[in-house]
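# Survey of secondary and tertiary structure
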Amino acid sequence: MQANTISNIYLVRHGLREDMVHPGWKVTAARPFDPPLSGEGLRQAEDIARALEAAGVRALYSSPFLRAVQTAAATSALMRLPVKLEPGFAEFINREWFEEVPGFLDVADLQ
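Our subject in this report is the structure included herewith. (Residues numbered from 1 in each chain as written. Predicted model: local features only at pLDDT ≥ 70, side-chain atom pairs only at ≥ 80, totals over all residues. Heavy atoms only, no water.)

## Quick word on the layout of surface pockets
Taking a probe equal in size to a water molecule and rolling it over the atoms shows the remaining empty space. Size it by volume and the largest pocket reaches roughly 820 Å³. Among the secondary structure elements, those contributing two or more residues to the lining of the largest pocket are α3 (39–55), β1 (60–62) and α4 (66–79). Here the lining of the largest pocket takes 5 residues from α4, the largest share from any one element. Tallied by class, residues from the lining of the largest pocket come to 17 nonpolar, 8 polar and 4 charged. (1 Å grid on protein atoms, 1.4 Å probe; cavity = no way out; pocket = protein on both sides within 12 Å on 5 of 7 lines; lining within 4 Å. Points joined across faces, edges and corners; volume = space filled by probe spheres on them. Helix = DSSP H or I, 4+ residues; strand = E, 2+ residues; numbered from the N terminus. Nonpolar A, V, L, I, M, F, W, Y, C, P; charged D, E, K, R; others polar.)

Pasting the structure below:
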């Protein structure tokens, strides 16, 4: 008989977005609905990566929004795990927040 194993799922939203630090960023952005991480957000992603490494994470999944991919990329780099994109993890596309359904960067650009 095999021993029961416990698997944990860690949900991480993303680090601090550039538009939260510099609200004017959206005015000139080519992709205003898909802000990258700010410098602080990138630092937060590194902190998250160390915590997930300590927790023994074995798989990474990310929304295709740039900020989420950048957050996951820090863990990917530290642990040498691939990031699997899952569009179902993207936030709800509320018509009050988005004038149209946003397109995402293609996988090659996200890499």
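## Let's talk about α3
For an α-helix the count is 3.6 residues per turn, leaving residues at separations of three or four pointing the same way. Its 17 residues place the ends of α3 25 Å apart at the C-alpha level, agreeing with the 24 Å of an ideal helix rising 1.5 Å per residue. Within the span of α3, buried status applies to Gly-41, Ala-45, Ala-49 and Leu-52. The buried residues of α3 occupy one face: seen down the axis, they fall within an arc of 95°. Away from the buried face of α3 by more than 90 degrees, exposed residues Gly-39 and Ala-54 are located. (Expected span 1.5 Å × (residues − 1). Buried < 20%, exposed > 50% of the residue type's maximum accessible area, 1.4 Å probe, protein only. Arc of directions from axis to C-beta.)

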